[in-house]
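Remarks on the overall topology
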Amino acid sequence: MTGILAPAHDHGHGHGHDHGHGHHDHDHGPSEPSGSHTLRYVIAAVLVVLAVLAASVVTVRAGSATVVTRFGDPVRVLTVPGLTWKTPAPIERTVTVDLRLATTASGIHGVLTKDGLSVLVQAHVAWKVPADSERIVRFLRAVQNRPEEAANQLRTFLGSSLETVTSRFELAQLVNTDPAQVKLVDYEAALRERLETQARDMYGIEVVSVGLERLMLPEATVAATIQRMSAERETVAETKKADGRRIAGEIRSGAEKDARITRAKANEEASQVEAQSRAEAAGIYGKVQAQDPQLYEFLRSLDTLDQSITGNTRLILRTDSVPFRHLVEAPVAPSPAPAPAKQP
């Protein structure tokens, strides 16, 4: 208000002089306060500072790493989430590298097993760039921070690894009705070991896991597998039959041995009984002979006839000959013993 009223007061009191001066000022335009220029400079300076700060602030997000490059050359790798600083572009720039888990499939590959049979396999690999400065820089330089290029290279490595590793295993170790003979865990471990070395050394990539998605058999391999399995079953059957024959032979041999031992013991016991019976018979014969010699001779003659004559024996002998004489002649009764003399 003061700036506006002052020229009006001057115009009323000194018209001639002030008019000429006022006319001169009118030609040069209205004047601006010096404070306005200062404000503009301050605002401009603040905007420049904010622009520099915005260009210098680096934000590191979780699940990623930020690589600070100076004239294109990596100088720092930031992996801890948060804010940090850098020199504004074009001196220093940032590149964000994804550290999250990714998966890549190999596609179906025809490979040969150790026993020369063809199989169709498809595998997948889970991979990531680890939070390690050296390996992040290696990945950045190898594929120019293009994950799709890394995935293509991994597919190539996985295909060659399938061919190499499959040739170490027989088909029976990959496909079998007996779970104890299946070696798929070893197969996948061998794939991972081979692939991990290549991915780490060339691209800095960490292989988290490798697994089979498909394992198929071509028609020719199926026929060969069935034939081989049939031969294996026949071999197993023959082996079991041979074991059965061996066990049966052992049982028969043991039974025959036991039978021989039993017969030997029985014969021994029979011989003992026979000897004992003969001894008893001899004792009986001795008693009979002592008591009645003619009866003893008659019984012995009958024993002789029993031993010498069978159902088909024909003998022509005199009836008065020994021992047939006893058949027609009655034995003579023994004379009674004289009575003992009476004592006077």
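Residue numbers run consecutively from 1 along every chain, following the written order of its sequence. A pLDDT threshold of at least 70 governs which residues receive local features in this predicted model, and a stricter bar of 80 or more applies before side-chain atom pairs are shown or counted, although totals over entire chains, interfaces and linings include all residues. To get the side-chain values, all heavy atoms of the structure are used, and hydrogens and water are removed first.

1. Quick notes on the nonpolar core
If you look at soluble globular proteins, the nonpolar side chains tend to sit buried side by side. In these notes, a set of buried Ala, Val, Leu, Ile, Met, Phe, Trp, Tyr and Cys residues joined through side-chain atoms within 4.5 Å is what counts as a nonpolar core. Categorising residues by exposure relies on relative accessible area from a 1.4 Å probe, with only protein chains included: less than 20% of the type maximum marks a residue as buried, more than 50% marks it as exposed, and the intermediate range marks it as partly exposed. In this structure, V97, W127, I136, Y187, L195 and I205 are the most contacted members of the largest nonpolar core, which totals 37 residues. Contributions of two or more residues to this core are made by strand 2 (64–70), strand 8 (118–128), helix 4 (133–143), helix 5 (147–166), helix 6 (184–203) and strand 9 (206–216). Here this core takes seven residues from helix 5, the largest share from any one element. Only runs of H or I of at least four residues qualify as helices and only runs of E of at least two qualify as strands under DSSP, and these elements are numbered from the N terminus.

2. What about the packing of helix 4 against helix 6?
Only C-alpha atoms enter the line fits that serve as axes; for helices the fit covers just the stretch in contact. Angles between N-to-C directions range over 0 to 180 degrees. Helix 6 packs onto helix 4 with a crossing angle of 80 degrees between their chain directions and a minimal axis gap of 8 Å. Of the possible angle classes, the one that applies to helix 4 and helix 6 is roughly perpendicular. Residue-level inspection shows R135, R138, F139, A142 and V143 of helix 4 in contact with helix 6, the latter providing R200, D201, M202 and Y203. Tallied by class, the residues present in the contact of helix 4 with helix 6 amount to five nonpolar, no polar and four charged. Angular relationships are summarised with four words: roughly parallel below 35 degrees, roughly antiparallel beyond 145, roughly perpendicular across 65 to 115, and oblique for the angles in between. The contact criterion used throughout is that any non-hydrogen atoms of two residues lie within 4.5 Å. Note on residue classes: Ala, Val, Leu, Ile, Met, Phe, Trp, Tyr, Cys and Pro are nonpolar, Asp, Glu, Lys and Arg are charged, and everything else, Gly too, is polar.

3. Comments concerning helix 7 (residues 219–291)
Between its first and last C-alpha atoms helix 7 spans 105 Å; for 73 residues at 1.5 Å apiece the expected length is 108 Å, and the two agree. What helix 7 keeps buried is the set T221, T225 and V288. Against the buried residues of helix 7 lie strand 8 and helix 8 (293–308). What a helix is expected to span follows from its residue count: subtract one and scale by 1.5 Å.

4. Some points on the pairing of strand 2
Two faces make up the sheet, and in a regular strand the side chains alternate between them. Counting buried residues in strand 2 gives six out of seven residues, a clear majority hidden from the surface. Think of it this way: DSSP has to see at least two bridges between two strands before they count as a pair. In the sheet, strand 2 pairs with strand 5 (residues 92–98) via seven bridges, with the strands oriented antiparallel. Within the sheet, the bridge partner assigned to T66 lies in strand 5 and is T96. One ladder, built from five bridges, connects strand 2 with strand 3 (residues 73–78); its direction is antiparallel. Within the sheet, the bridge partner assigned to T69 lies in strand 3 and is P74. Linking two consecutive strands that pair antiparallel, namely strand 2 and strand 3, is a turn of two residues; a positive phi of about 55 degrees is found at F71 within it.

5. Observations concerning the pattern of salt bridges
Salt bridge criterion: a side-chain nitrogen from Lys or Arg within 4 Å of a carboxyl oxygen from Asp or Glu. Evaluation of the coordinates by the stated rule reveals eight salt bridges. Across the pair R138 and E134 runs a salt bridge whose closest N-O atoms are separated by 3.2 Å. Within this pair, R138 and its partner E134 are both found in helix 4, separated by four residues, close to a single helical turn. The shortest N-O distance in the salt bridge between E250 and R246 comes to 3.2 Å. A residue pair is termed a helical-turn pair when its members lie 3 or 4 positions apart in one helix, as E250 and R246 do in helix 7 at four residues. Of the residues examined, E250 reaches a relative accessible area of 48% and is grouped as partly exposed.

6. Some words on the packing of aromatic side chains
Within 6.5 Å between ring centres, the rings of Phe, Tyr and Trp (the latter by its six-membered ring) count as paired, and their orientation is classed by plane angle as stacked under 30 degrees, edge-to-face over 60, tilted in between. Counted according to the given criterion, the structure contains two aromatic pairs. Arranged with centres 6.0 Å apart and planes meeting at 45 degrees, the rings of F157 and Y203 form a pair that is tilted. One end of the pair, F157, is in helix 5; the other, Y203, is in helix 6, with 46 residues separating them in the sequence. For F157, a relative accessible area of 10% puts it in the buried group. Y203 sits in the buried class, given a relative accessible area of 10%. Taking 5.5 Å as the distance between ring centres and 75 degrees as the angle between the ring planes, the aromatic pair formed by F169 and Y187 counts as edge-to-face. Here F169 is found in the loop between helix 5 and helix 6, whereas its partner Y187 is found in helix 6, with 18 residues between them in sequence. Y187 matches F169 in its accessibility class, with the two residues each being buried.

7. Observations concerning the sheet that holds strand 5
Pairing is antiparallel in the open sheet, where three strands are placed in the order 3-2-5. Edge positions in the open sheet fall to strand 3 and strand 5, since each of these has one partner strand only. When strand polarity is set aside, the average angle formed by the axes of neighbouring strands in this sheet is 30 degrees. Each of strand 2, strand 3 and strand 5 is contacted by helix 4, which is oriented at about 135 degrees to strand 3, the strand it contacts most.

8. A few points about helix 8
Between its first and last C-alpha, helix 8 extends 22 Å over 16 residues, near the 22 Å set by a 1.5 Å rise per residue. Those residues of helix 8 not exposed but buried are Y296, S301 and L305.

9. Thoughts on the layout of surface pockets
One number sums up the size of the second largest pocket: a volume of about 150 Å³. Points on a 1 Å grid, built from protein atoms alone, make a cavity when a 1.4 Å probe fits but cannot get out and make a pocket when they are open with protein on both sides within 12 Å along at least 5 of 7 lines; residues with an atom within 4 Å of a point are the lining residues. Surrounding the second largest pocket, A172, V175, N176, T177, D178, Q181, T225, R228, M229, E232 and R233 form its lining. Classifying every residue of the lining of the second largest pocket gives three nonpolar, four polar and four charged. Grid points are joined across faces, edges and corners, and a volume is the space filled by probe spheres set on the points.

10. Points about unusual backbone geometry
Peptide bonds are trans in most cases, and residues, glycine excluded, mostly fall at negative phi. Unlike most non-glycine residues, F71 shows phi in positive territory, near 55 degrees. Inspection of the secondary structure assignment puts F71 in the loop between strand 2 and strand 3. Notably, N145 is not glycine yet its phi reads approximately 60 degrees, a positive angle. Position of N145 among the secondary structure elements: in the loop between helix 4 and helix 5.

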